[in-house]
Amino acid sequence: MKKVLLLAAALGFAGSSAALAADAVEQIPEAPMAVEAAVPSFTWTGGYVGLLGGYGWGNADASAPGISASDDFDGGRMGAFVGYNWAMASGFVVGIEGDVNYDWNENSYAGGIDAGTDWSGSVRGRVGYAFDRALLFAAGGYTGTNGYVDTPIGDTSKTFHGWTLGAGVDYAFTDNVFGRLEYRYNDYGDKTIGGINADFDQHVVNVGIGVKF
């Protein structure tokens, strides 16, 4: 009888141990799932600097007592720009930009007279809409340029002040480098140089490369 009871107790203990072992296996905690790091999306917000090159088609209407004439002042140009953009949640982008340029558009006339413009610059507000890495924009603001007349008896120059308006596209090749294509119309107003009143305006196409911070 004692042997039967001992055998039953042993079987019961073995069964309960097996059950406990099964429960322990079933309750092994799952390994935590790996959480992928969020990849930041591209944004146009930030400062930037760049270089540009292009071509300008200028026109000057000159007048003096009893004289009236018009001439083209066309030529290549190079410059640099700096600005800052603020990207909105809606996809719109606003910003401000300044630039300095040099134009090669000098004309020569009889009597050893040379005339043209050289240094120019602008400060413009910008508004645009971003299609991911492509930013379509319009820009406008103040512009000025230095007009000059050089003669054998002396040189004179004046700063023309006016306004500029244009549009273009910036495209980000990487998170930090972007290219630019833009058109501008510059109306520099008029100034009197050497007794001649000159009214100067200009159409410009620029191609640029920039670095965004």
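Before reading further, recall that the structure is shown in the block above.
About the thresholds
Residues numbered from 1 in each chain as written. Predicted model: local features only at pLDDT ≥ 70, side-chain atom pairs only at ≥ 80, totals over all residues. Heavy atoms only, no water. Helix = DSSP H or I, 4+ residues; strand = E, 2+ residues; numbered from the N terminus. Buried < 20%, exposed > 50% of the residue type's maximum accessible area, 1.4 Å probe, protein only. Contact = heavy atoms within 4.5 Å. Areas by Shrake-Rupley, 256 points an atom, 1.4 Å probe, with all protein chains shown as cover. Lys, Arg positive; Asp, Glu negative; His and termini not counted. Salt bridge = Lys/Arg side-chain N within 4 Å of Asp/Glu carboxyl O. Polar contact = N/O pair within 3.5 Å; in protein donor to acceptor, adjacent residues only side chain to side chain.

Peer 1: Help me understand the overall build of the chain in this model?
Peer 2: The secondary structure content of the chain amounts to one helix and nine strands. In sequence order, the chain lays out its α and β elements as α-β-β-β-β-β-β-β-β-β. Counting every position in the chain, which comprises 213 residues, the buried fraction comes to 35%. A sequence separation of at least 24 residues applies to 60% of the contacts in the chain between residues at least 6 apart. Of the roughly 12500 Å² of accessible surface on the chain, a fraction of 68% belongs to carbon and sulfur atoms.

Peer 1: Got a minute to help me understand the side chain of D187 in this structure?
Peer 2: Structurally, D187 is set in strand β8 (residues 177–193). K191 provides the closest opposite charge to the buried, salt-bridge-free D187, at an N-O distance of 12 Å. Separated by 3.0 Å, the side chain of D187 and the backbone nitrogen of G189 make a polar contact.

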